[in-house]
Amino acid sequence: MARTPGIILVAVLLCAPLYIAALASPLRMSTTPRKIAVIGTTGRLGRQAITQLSSRNVPVRCLLRRPIDPSVKPSIEKDASSAEVAAYLASLPGVEMVKGDVNDADSIKALIDGCTSVLALHGASASGFKSLVPALDPETDPRHAKQINYQGIKNIIAAAKESKTCKRIVRVTGKGETPWSFFSILINMLGSMAKAWNYEGEQLLRNCEDVDYTIVRPGVMGRDDIPKEKVLALEDNGGDLPVSAVTHEQIASLCIDCLDYPNAARSTLTAMNIDPGTGEETYAPLLEKVNADSREFPKSLIDEHKKAARTGSAVLFGFFIFFMQGAVFVGKKTISTILSIW
């Protein structure tokens with residue numbers, strides 16, 4: 001028994017550095033058991049997130065607008081239909097499907113109930129040139145960007161509050177603070193003001209004090225044939241990075257990984273790829289340095305976005321009239337020449 005104090009002293013000395021490091025760092029990764037809800041299930045980003053979560057043995061509950069069709073062959077290939085992708089994802093370990101829609105508040109409550117966080121990976125589909133005519137693309141349409149990117153976020157926040165278990169909402173949006181940029185105008189013109197309503201949805205999250213958020217603003221997703229070695233870069237506080245191509249796999253990983261970092265709560269992260277060898281291999285060292293939002297974001301940009309989109313539409317219409325006048329002039333000259341030859 002006389003040796004006991006000595007043994008205890010040795011154990012304390014050995015463990016002290018680890019204990020001090022744990023206390024000193026608020027960036028310690030969370031190990032709390034979790035269950036994650038996913039919205040945007042069959043999209044390119046959603047399917048990546050679900051497969052990654054399943055491979056990490058994390059239970060997932062996914063929102064699905066239509067029930068699984070048993071006659072459909074499961075597939076995760078790029079050219080697979082939404083029904084085939086849904087069937088594939090439903091077959092993965094730990095994956096549960098909930099029928100519903102982001103516009104349906106009750107189904108969102110059922111989805112999030114009991115989950116510790118939600119990945120809001122959904123987005124409005126491009127509506128094309130009918131977006132240029134408000135009468136053909138009303139904001140009350142369930143598929144309009146206002147309903148998907150704004151009202152849908154309202155529903156998610158309300159459900160997260162009611163659940164008492166959901167502590168963080170991860171939302172993927174885009175760079176929406178530059179209404180007069182070429183790409184913002186183009187996307188707003190052809191996508192039911194998607195950029196504009198994405199930003200307004202971000203503001204709903206920032207103004208919610210009951211549930212934390214992580215907003216991810218990625219580069220252009222779609223290409224897979226891009227360098228992937230030490231290219232990852234992040235800027236917190238919604239900071240600016242040159243727009244680049246990024247993969248769905250990379251952004252899905254970021255959305256999942258950020259949940260392990262308490263310091264990434266209430267942060268807006270710009271995620272781009274930079275020159276190979278100048279970035280990071282994984283998001284871990286970048287997430288360790290992330291801080292919560294500290295700057296004042298514009299309260300609303302919807303009016304400015306709409307003004308820019310209207311201006312863009314007017315310019316496009318002007319070019320169209322000019323082109324038609326030129327075409328008519330050329331046509332008349334051609335006909336006149338042909339008639340003179342005859």
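Residues numbered from 1 in each chain as written. Predicted model: local features only at pLDDT ≥ 70, side-chain atom pairs only at ≥ 80, totals over all residues. Heavy atoms only, no water.

### Quick look at the pattern of salt bridges
Pairing between side chains of opposite charge can happen when the charged atoms of each approach one another. Summed over the entire model, instances satisfying the criterion amount to 19 salt bridges. Among the ionic pairs, Lys78 bridges to Asp224, the shortest N-O distance being 2.7 Å. Note that Lys78 is positioned in the loop between β2 (60–64) and α3 (82–90) and Asp224 in the loop between β7 (220–221) and β8 (232–235), a separation of 146 residues in sequence. Given the relative accessible area of 60%, Lys78 is considered exposed. Two residues, Lys146 and Glu139, come together in a salt bridge whose shortest N-O distance is 3.5 Å. A relative accessible area of 26% places Glu139 in the partly exposed class. Linked through salt bridges whose partners overlap, the residues forming this network are Glu177, Glu202, Arg206, Arg217, Asp293 and Arg295. (Salt bridge = Lys/Arg side-chain N within 4 Å of Asp/Glu carboxyl O. Helix = DSSP H or I, 4+ residues; strand = E, 2+ residues; numbered from the N terminus. Buried < 20%, exposed > 50% of the residue type's maximum accessible area, 1.4 Å probe, protein only.)

### Comments concerning α3
Residues spaced three or four apart along an α-helix point in a common direction, a consequence of the helix completing one turn every 3.6 residues. Taken residue by residue, α3 has Val85, Ala86, Ala87 and Leu89 as its buried positions. Those residues of α3 that are buried lie in contact with α2 (44–55), β2 and β3 (95–99). (Contact = heavy atoms within 4.5 Å.)

### Here we look at α2
With 12 residues, α2 ought to run about 16 Å at 1.5 Å a step, and its terminal C-alpha atoms sit 17 Å apart, in line with that. By the burial criterion, the buried members of α2 are Leu45, Gly46, Arg47, Ala49, Ile50, Gln52, Leu53 and Ser54. (Expected span 1.5 Å × (residues − 1).)

As far as function goes, none of this settles anything; it's purely spatial.
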